[in-house]
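Summary of structural features
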Amino acid sequence: GENVEQHPSTLSVQEGDSAVIKCTYSDSASNYFPWYKQELGKRPQLIIDIRSNVGEKKDQRIAVTLNKTAKHFSLHITETQPEDSAVYFCAASKGSNYQLIWGAGTKLIIKP
Amino acid sequence: DAGVTQSPTHLIKTRGQQVTLRCSPKSGHDTVSWYQQALGQGPQFIFQYYEEEERQRGNFPDRFSGHQFPNYSSELNVNALLLGDSALYLCASSSGGQSINVLTFGAGSRLTVL
């Protein structure tokens, strides 16, 4: 079945710098790739997603890139701010008849 | 517009007891998924309900069961509780078709089993 690996498990960056989190998936049939942000003690929230017919998607300071050939996708956060500190989860799905398969999460720490 | 609401927010049970957790989906959503999130871990998929039927199930034992009502709200039941069932239980709702995996989460029900 599908497997999603996420790296790094912890990422510490200086405020204002960029952060990149990477995920790889095993099933080439996967076609939907969301990213969720979970602040401490709060619910996961969808921050951006991408479908397999698109290579890149941006929303203000965040972007997601997808490389279908290599089967990996990445979350990019530019000009990081203290409120970006959270755990970020990637996920993948083969379509509406299949569940999301989640990565293990990346704890992002923004140093002042 | 209320988002996904879950109840209760916290509860404590003892081993062997049974628990029922409740979820009301976001307005306009007809699909409900349940997840278990242990401390420091990612969400683990339990099952998904659509049109009052369980349409997908993760790797959880039969002690975990659910129900969806005609108004799209849902319940998660766990029987014969084990210490390892202590976790945050998250409900997520979505609309159908291509958006079925675009999830809106509730705040969760934190279950402690003693």
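Below, the structure is looked at part by part. Computed from a predicted structure; not experimentally measured.

**Examining the state of the cysteines**
Note: disulfide means a covalent bond formed between the sulfur atoms of two cysteine side chains. Within the structure shown, the criterion is met by 2 disulfides over all chains. Between the sulfur of A:Cys23 and that of A:Cys90 lies a disulfide, 1.9 Å long from S to S. Around the S-S axis, the bridge from A:Cys23 to A:Cys90 shows a dihedral of about -100° and counts as left-handed. Placement of A:Cys23 in strand 3 (residues 19–25) and of A:Cys90 in strand 9 (residues 86–92) is noted, with a sequence separation of 67 residues between them. The exposure classification of A:Cys23 matches that of A:Cys90, with both residues buried. Across a sulfur-sulfur distance of 1.8 Å, B:Cys23 and B:Cys91 are joined as a disulfide pair. Torsion about the S-S bond of the B:Cys23 and B:Cys91 cystine: about -60°, corresponding to left-handed handedness.

**Things to note about the packing of aromatic side chains**
Scanning all chains against the criterion turns up 13 aromatic pairs over all chains. Judged by centre distance (6.0 Å) and plane angle (70°), the ring pair of A:Trp102 and B:Phe105 falls under edge-to-face. With A:Trp102 in strand 10 (residues 101–102) and B:Phe105 in strand 10 (residues 104–105), the pair connects residues from two separate chains. The class of A:Trp102 is buried, set by a relative accessible area of 11%. You can call B:Phe105 buried: its relative accessible area is 2%. Residues B:Phe47 and B:Tyr49 carry aromatic rings whose centres are separated by 5.3 Å and whose planes lie at 85° to one another, so their mutual orientation is edge-to-face. Given the relative accessible area of 0%, B:Phe47 is considered buried. Grouped by ring-pair contacts, the aromatic residues A:Tyr36, A:Phe89, A:Trp102, B:Tyr35, B:Phe45 and B:Phe105 constitute a single cluster.

**Some remarks on the sheet that holds strand 3 of chain A**
Residue and element names in this part refer to chain A. Read from one edge to the other, the open sheet built from 5 strands follows the order 1-3-8-7-6, with strand pairing classed as antiparallel. Pairing within the sheet leaves two strands with one partner each, and these edge strands are strand 1 (4–7) and strand 6 (56–59). On average, each strand axis in the sheet is tilted by 15° relative to the strand beside it, whichever way the strands run. Here 6 bridges tie strand 3 to strand 8 (residues 72–77), and the two strands are oriented antiparallel to one another. Within the sheet, the bridge partner assigned to Ile21 lies in strand 8 and is Leu75.

Cut-off values and rules
- Residues numbered from 1 in each chain as written.
- Chains lettered and ligands numbered in written order.
- Predicted model: local features only at pLDDT ≥ 70, side-chain atom pairs only at ≥ 80, totals over all residues.
- Heavy atoms only, no water.
- Disulfide = S-S within 2.5 Å.
- Helix = DSSP H or I, 4+ residues; strand = E, 2+ residues; numbered from the N terminus.
- Buried < 20%, exposed > 50% of the residue type's maximum accessible area, 1.4 Å probe, protein only.
- Phe/Tyr/Trp six-rings, centres within 6.5 Å; stacked < 30°, edge-to-face > 60°.
- Pairing = 2+ DSSP bridges.
- Axes fitted to C-alpha atoms, helices over the stretch in contact; angles between N-to-C directions.

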